[in-house]
Amino acid sequence: MVIMEIGKIKKYILGCIVLFFLSLGFTTTTLAKEYSSKELEQVADKIIDWQTKKSDETTIFDSGLLLETGSNSSDWFAIGVSRLGKEANYLDYQAMLSENVEKRYQTSHLLSVGKATEWHRIGLAYLASGGNPTDLSFDGKKKINLINDGTYNRGETKPLAAQGTNGLIFGLILLDSMNYEIPEKAKDTRKDIISELLSAQNEDGGFPLAKETDSDVDITAMALTSLAPYYNSEEQFKLKNNKSIQAKEAIERGLTYLSKSQNKEGGFESWGTPNPESATQVILALTALNIDPQKDERFIKNNHNLIDFLLTFQMKDGGFVHSFEYDEENPSAKPDESNAMASEQVLTALGSLIREQNKMRHFYDFRPEMTKEIASQVTQVNEKITDLSDKDDVIEVYKEYSQLPTEEKRYVKNYRLLSKKIKDFDIPVEQNDFTSSNIGKSLNQSGTITSVSSKKEVSLNEDVSEKMKQVKKIERKNLSLSDLPLVYSTYYLAQKEDASESDLKLLKDMMKQLEERQGKIDKISEQIKKEYYPMDKLGIKDYFRIKKTMKSLDELSEENRRLVFGYEDLEKTVAHTTSLIRSAVISVIVLLVIIIGLLVLAKNRKKRKKEKYDKMMMSDDDDEEYEDE
């Protein structure tokens, strides 16, 4: 009996232990791994190393990536590197971007026929390199204002939303990156842009690329990122259906949609494909809304958070793969190789997370960091909001919130709690205190680059005389396009520093030579695109035509040849075609040898037959002689 009782007690205790651990299972959503700023920065460094090596660079923005400024790939990488505050050749990037924009502005369609986001991405990249996108030029002859042309006056040529909601989204992000003022006679105000964007929101809380189409995770996250600065505003925005809504209401619905869309691995899918890019956009949105993606229970599924999911896509070389399955929507992304776009986007997510952990400005806020005094005031308001009790507390905290600089109110984290208490106690608020027309001002016009490691601003000063020495060491006859960034950036700086006429003449002369070589490269690239693609259909009949093109490539240096579009493909095609010709020639030779052999055999056989016949004839003659005798 005693033994049985002990057995029951053991079972009871064991059952209690099991129940205890099972009960923990229902609350483990908060037990997902939390990654430190240092761990995240190590991942970011690996991406930067991978991209730098891939571009054959020794330092960030050495030559390879600089030759691609103004493109999606290069610009987003530059933005990611800048928001981490890494040491890089930012002025060189700024110079090359200015030159790229100036050239494109000489065409009728400027930066793009229909994509307003070209202005937005380049504007952000210009800020990322420490420049001022409202006053951009290369040779000083023409000033270009990317904010004017790509956002509030974009409607003068084509509606901002012509390419979809992303035109509205990134137009708003660029406007608020430095709190740019909008002129009174502008085609679109901030309120216009926000109202149109909010009108596009679907019933499920998500945002579509095109109005009245299905919601998309990436677009929804981007929309929330752009609306984030207005979450703490009490302003009402009028929709197309004449209803009114606050930005915070739309944002909360968007967050619910994103949380429901998250999969059990903690990530997201786009067009049915799990990928790191979608997770990246959600991370950018959450950090812009002062939400910690590693702690918010709405975004932790099955003990997995967004960062857990993100890191599953990292490859051994440090880069990130787009998908481990072939994606028909993105055929250039291979399932077993690091992908540039995926890696660059993950870099931006890591930058936003690290900045959030280090209490720095949001990823798309390029203003200088807050002063210690202002940062302290914001922190105090955040702390007091979480400890509200009676009406007097709420009135006091709201008063402190109201006294914050308008441009810093977006950094108050728990405003929704304060807003709820204000409504609960029926406390009047100042409707005009923080609105889309009163978002605050920034004294700076140029972007600020601050190191996330040291919290110090990265210096953009360069010694022009030292750069001139490097330029003069270049052999003029061996001038290569890889020298272009150095020559252009030196001219860009020398012009500002009022350099000597002789130095400016030397630089202009070298720039002219480089432009001529670029012209040859562009001409050959265009010919290859037009005449030879798709190359898998080329054969022996095209051999001499291809050889003629290759001969024109021989006039360029090996370094310049590699900048020609399709050069490597054409080189492979030449090798393949040469192999086909060699095989054909060998086949013909073998055939000829066989034919000759057969002819020789036939001739020999005929000869032998003749000899045999002759012998027979001789034998017959002998018989006749015998008969005559």
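Residues numbered from 1 in each chain as written. Predicted model: local features only at pLDDT ≥ 70, side-chain atom pairs only at ≥ 80, totals over all residues. Heavy atoms only, no water.

Thoughts on the overall build of the chain
Line of reasoning, step 1. Assigned secondary structure in the chain consists of 22 helices and four strands.
Line of reasoning, step 2. Taking 2.2 N^0.38 as the reference for a compact globule, 629 residues should give roughly 25 Å; the C-alpha atoms of the chain span a radius of gyration of 35 Å, well beyond that estimate.
Line of reasoning, step 3. Its C-alpha atoms give the chain principal-axis dimensions of roughly 160 × 105 × 50 Å.
Line of reasoning, step 4. Evaluated residue by residue, the chain yields a buried proportion of 50% over its 629 residues.
Line of reasoning, step 5. Sequence separation of 24 or more characterises 70% of the internal contacts of the chain that already satisfy a separation of 6 or more.
Line of reasoning, step 6. When the accessible surface of the chain is split by element, carbon and sulfur atoms take 53% of a total near 33200 Å². (Helix = DSSP H or I, 4+ residues; strand = E, 2+ residues; numbered from the N terminus. Rg over C-alpha atoms; globule rule 2.2 N^0.38 Å. Buried < 20%, exposed > 50% of the residue type's maximum accessible area, 1.4 Å probe, protein only. Contact = heavy atoms within 4.5 Å. Areas by Shrake-Rupley, 256 points an atom, 1.4 Å probe, with all protein chains shown as cover.)

Overview of unusual backbone geometry
Line of reasoning, step 1. Residue Pro-534 follows Tyr-533 across a cis peptide bond; omega there is -5°.
Line of reasoning, step 2. For Pro-534, the position within the fold is in the loop between helix 19 (501-532) and helix 20 (543-553).
Line of reasoning, step 3. At Phe-61, a residue that is not glycine, the phi angle is positive and equals roughly 60°.
Line of reasoning, step 4. With respect to the helices and strands, the residue Phe-61 is situated in the loop between helix 2 (37-54) and helix 3 (72-84).
Line of reasoning, step 5. Even without being glycine, Asp-498 reaches a positive phi, approximately 55°.
Line of reasoning, step 6. Mapped onto the secondary structure, Asp-498 falls in the loop between helix 18 (484-496) and helix 19.

So, empty space enclosed by the protein
Line of reasoning, step 1. Evaluated as defined, the whole model comprises two cavities of 30 Å³ or more.
Line of reasoning, step 2. Taken together, 16 residues line the largest cavity, and the ones lying closest to its centre are Thr-225, Pro-229, Ala-288, His-362 and Tyr-364.
Line of reasoning, step 3. At the level of secondary structure, the elements contributing two or more residues to the lining of the largest cavity comprise helix 7 (165-177), helix 9 (217-227) and helix 11 (276-288).
Line of reasoning, step 4. Considering every element that reaches the lining of the largest cavity, the biggest residue donor is helix 7, with four residues.
Line of reasoning, step 5. Tallied by class, the residues present in the lining of the largest cavity amount to eight nonpolar, five polar and three charged. (1 Å grid on protein atoms, 1.4 Å probe; cavity = no way out; pocket = protein on both sides within 12 Å on 5 of 7 lines; lining within 4 Å. Points joined across faces, edges and corners; volume = space filled by probe spheres on them. Nonpolar A, V, L, I, M, F, W, Y, C, P; charged D, E, K, R; others polar.)

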